[in-house]
Amino acid sequence: MGFCILDMPSRCPNLNLQAAYHRLRGANVLLPLVSTAPVCPSRPQADKLAREIQQFGNPPAFPTVVEEQVNLQQEPEDANGGALSLPDKYKGKKSKATSKSSGQKFQWEIMRSYGLSDEDISKFQDPYNWLTFFPPLAVEDLKAFGLGCDWRRSFVTTDINPYFDSFVRWQIRKLKSMGKIVKDVRYTIYSTIRWPAVCRS
């Protein structure tokens, strides 16, 4: 699944299987696809690209990083005093952050790894370009996966879609008038560079 979120392969088979099962039993199954396009991550990535262009030029000339040789200290061979180590006690050599990172530091390099040209990458400074470019590619991946979706009902969220946006605004106003939504204050970690705080209830 090239351009889909990483957890899509775990979600789609179950959803697709249930839809296909009920379709075989004669049910009229509606399985639409929504390309959720929140401010995060497209806005922070667009801002990151803009900062890289401002700092390193367009196309950017990134500084070459010379890998430092790390002197590894050799551990004593018999650390447990001759006792066998337990198989459930695994100690990895990499930190969690190191193992999760792709080794590509700059957003421009990540975009280039998708096969995009330098001219196309600079257009992604506009967050709305993310919303028009990636959803069709994700649809291609999902079609190749065999998702039995009603593609006629597919749409993109946020204010790029005025119909969806007006519905969400109406829904929020309605729920607020009913007293179901309140505005309150809570502590959260927020980054002005990476944008909005994602709060879990």
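Residues numbered from 1 in each chain as written. Predicted model: local features only at pLDDT ≥ 70, side-chain atom pairs only at ≥ 80, totals over all residues. Heavy atoms only, no water.

(A) Structural context of the side chain of Gln 107. Relative to the helices and strands, Gln 107 is located in helix 4 (residues 107-113). Excluding its chain neighbours within four sequence positions, the residues that come into contact with Gln 107 are Gln 45, Lys 48, Leu 49, Glu 52 and Trp 130. (Helix = DSSP H or I, 4+ residues; strand = E, 2+ residues; numbered from the N terminus. Contact = heavy atoms within 4.5 Å.)

(B) Highlighting the environment of Arg 153. The topology assignment puts Arg 153 in the loop between helix 6 (127-145) and strand 2 (155-156). Distance in space between the C-alpha atoms of Arg 153 and Leu 33 is 6.9 Å, their sequence separation being 120 residues. Here Arg 153 is in contact with Leu 30, Pro 32 and Leu 33, once residues within four sequence places are set aside.

(C) Spotlight on the pattern of salt bridges. Per the stated rule, a full pass over the model turns up 3 salt bridges. Measuring nitrogen to oxygen at the nearest pair gives 3.1 Å for the salt bridge that ties Asp 118 to Arg 112. Judged by its relative accessible area of 29%, Asp 118 is partly exposed. As a salt-bridge pair, Asp 165 and Arg 169 come within 2.9 Å of each other at their nearest N and O atoms. Residue Asp 165 and its partner Arg 169 are both found in helix 7 (residues 162-177); the two are separated by 4 residues, about one turn of the helix. A relative accessible area of 49% places Arg 169 in the partly exposed class. (Salt bridge = Lys/Arg side-chain N within 4 Å of Asp/Glu carboxyl O. Buried < 20%, exposed > 50% of the residue type's maximum accessible area, 1.4 Å probe, protein only.)

(D) Main features of the nonpolar core. Leu 49, Trp 108, Met 111, Ile 121, Phe 124, Trp 130 and Phe 134 are the most contacted members of the largest nonpolar core, which totals 13 residues. Residues in contact with Ile 121, not counting those within four places in the same chain, are Leu 49, Trp 108, Met 111, Arg 112 and Leu 116. Counting 8 residues, the second largest nonpolar core, distinct from the first, contains Cys 12, Leu 33, Val 139 and Leu 142. (Core = buried A, V, L, I, M, F, W, Y, C linked by side-chain atoms within 4.5 Å.)

(E) Structural detail: helix 7. Relative to the 22 Å expected for 16 residues at 1.5 Å per residue, helix 7 spans 22 Å between its end C-alpha atoms, a close match to the ideal helical length. Of the residues flanking the end of helix 7, it is Gly 179, one or two places downstream, whose phi is positive at about 80 degrees. (Expected span 1.5 Å × (residues − 1).)

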